[in-house]
Structures are given as structure tokens and as C-alpha cells.
Amino acid sequence: MNKKFKIKKGDSVIVITGKDKGKLGNVLSILKDKDRVIVQGVNIIKRHRKATQESPGKIEEIEASIHISNVSHVDPENGKPTRVKYEIKDGVKKRMSVVSGSLLDT
């Protein structure tokens, strides 16, 4: 069964709960099978990498995934969290903000 999410890659989102509550970022990728998203600059974790012949050892900071229910779209007009509704105009389906009615697809 195909899962359908209203959040897409490249969308501007805000974290609405958790340790990074209030942070803004763009969606880098979506993990549909696990219902999770990776958001730029949110849920930063450290990975210790062992040294190899090609590269020295290092500690990397990368974004880990968070559950899709913990993020919400950002309203383009006022910067607050919003839900999404769909409207069909001239045969084209568009995503719109419920709060202000502005278009989310640019």
C-alpha cells in the first residue's frame, strides 16, 4: 500500500514537538517505509568514524530522521505552523495553507 504524505522533499517545515521544537528547516529526504523525514539542521547527532587508509578518523555531525508527525509546514506569510489543504484550479492540483490560504507550491 502506498503511503501519501503532504510533506514533500524541499518543503519548509517547523518542528512542533521534541528537543528541537521551534526549529525551522528544509526537508532533505523522506523515509516513507518508516514514516520519518530528515530535516536540515534538526536532530543533529554525532558519528564517530574510524580512521582508514584513505581518510583520518573524525567525529561527524549529521542530521538524523524524526517522525513525520513532529513537523508541520510553515505558512509563507506569517511563519507559523499550518495544515495543508488541496484545491483544484484550472485542472491543476495545488497545495495551500489552511491558516492564510497562500500557495505552498512555488
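Everything in this summary refers to the structure shown in the same document. Just so it is clear, the model here is predicted, and its values are computed rather than measured.

## Things to note about a positive patch on the surface
Stage number 1. On the surface, a cluster of positive charge is made up of Lys4, Lys6, Lys8, Lys32, Arg83 and Lys93.
Stage number 2. By the element assignment, lysine 6 lies in the segment before strand S1 (12-15).
Stage number 3. For lysine 6, a relative accessible area of 40% gives the class partly exposed.

## As for the side chain of serine 72
Stage number 1. Considering the arrangement of structural elements, one finds serine 72 in strand S7 (residues 71-74).
Stage number 2. Looking at serine 72, the relative accessible area reads 14%, which means it is buried.
Stage number 3. Aside from chain neighbours lying at most four places away, what touches serine 72 is Val13, Ile14, Ile16, Pro81 and Thr82.

## Here we look at the pattern of salt bridges
Stage number 1. The full count for this structure, using the stated rule, is 7 salt bridges.
Stage number 2. The closest approach of N and O atoms between glutamate 60 and arginine 49, which form a salt bridge, is 3.1 Å. Taken together, the residues glutamate 60 in strand S5 (residues 58-63) and arginine 49 in strand S4 (residues 44-49) connect sequence positions 11 residues apart.
Stage number 3. A relative accessible area of 24% means that glutamate 60 is categorised as partly exposed.
Stage number 4. A relative accessible area of 41% means that arginine 49 is categorised as partly exposed.

## Regarding the sheet that holds S1
Stage number 1. In space, the 6 strands of this open sheet follow the order S6-S3-S2-S1-S7-S8, with antiparallel pairing throughout. Where the open sheet ends on each side, the last strands, each with one partner, are strand S6 (66-67) and strand S8 (81-82).
Stage number 2. Summarising the sheet, S1 and strand S2 (residues 24-31) pair through 3 bridges and their orientation is antiparallel. By the bridge assignment, serine 12 is partnered in S2 with asparagine 26.

## A few points about the packing of aromatic side chains
Stage number 1. The tally for this structure, following the rule as stated, stands at 0 aromatic pairs.
Stage number 2. When the ring centre of tyrosine 86 is taken as reference, the NZ or CZ atom of lysine 93 above it lies at 4.6 Å.

## A closer look at the environment of arginine 95
Stage number 1. With respect to the helices and strands, the residue arginine 95 is situated in strand S10 (residues 92-97).
Stage number 2. You can call arginine 95 buried: its relative accessible area is 3%.
Stage number 3. Spatially, the C-alpha atoms of arginine 95 and glutamate 77 are 15 Å apart, while their sequence positions differ by 18 residues.
Stage number 4. Residues contacting arginine 95, with those up to four places away along its chain left out, are Lys6, Ile7, Lys8, Asp11, His73, Val84, Lys85, Tyr86, Ser102, Leu103, Leu104 and Asp105.
Stage number 5. A polar contact is formed between the side chain of arginine 95 and the backbone oxygen of lysine 6, at a distance of 2.7 Å.

What counts, and where the lines are drawn
- Residues numbered from 1 in each chain as written.
- Predicted model: local features only at pLDDT ≥ 70, side-chain atom pairs only at ≥ 80, totals over all residues.
- Heavy atoms only, no water.
- Patch = residues over 30% accessible without salt bridge, like charges linked within 9 Å, V, L, I, M, F, W, Y side chains within 5 Å.
- Areas by Shrake-Rupley, 256 points an atom, 1.4 Å probe, with all protein chains shown as cover.
- Salt bridge = Lys/Arg side-chain N within 4 Å of Asp/Glu carboxyl O.
- Lys, Arg positive; Asp, Glu negative; His and termini not counted.
- Charge placed at Lys NZ, Arg CZ, Asp CG, Glu CD.
- Helix = DSSP H or I, 4+ residues; strand = E, 2+ residues; numbered from the N terminus.
- Buried < 20%, exposed > 50% of the residue type's maximum accessible area, 1.4 Å probe, protein only.
- Contact = heavy atoms within 4.5 Å.
- Pairing = 2+ DSSP bridges.
- Phe/Tyr/Trp six-rings, centres within 6.5 Å; stacked < 30°, edge-to-face > 60°.
- Lys NZ or Arg CZ within 6 Å of the ring centre and 35° of its normal.
- Polar contact = N/O pair within 3.5 Å; in protein donor to acceptor, adjacent residues only side chain to side chain.

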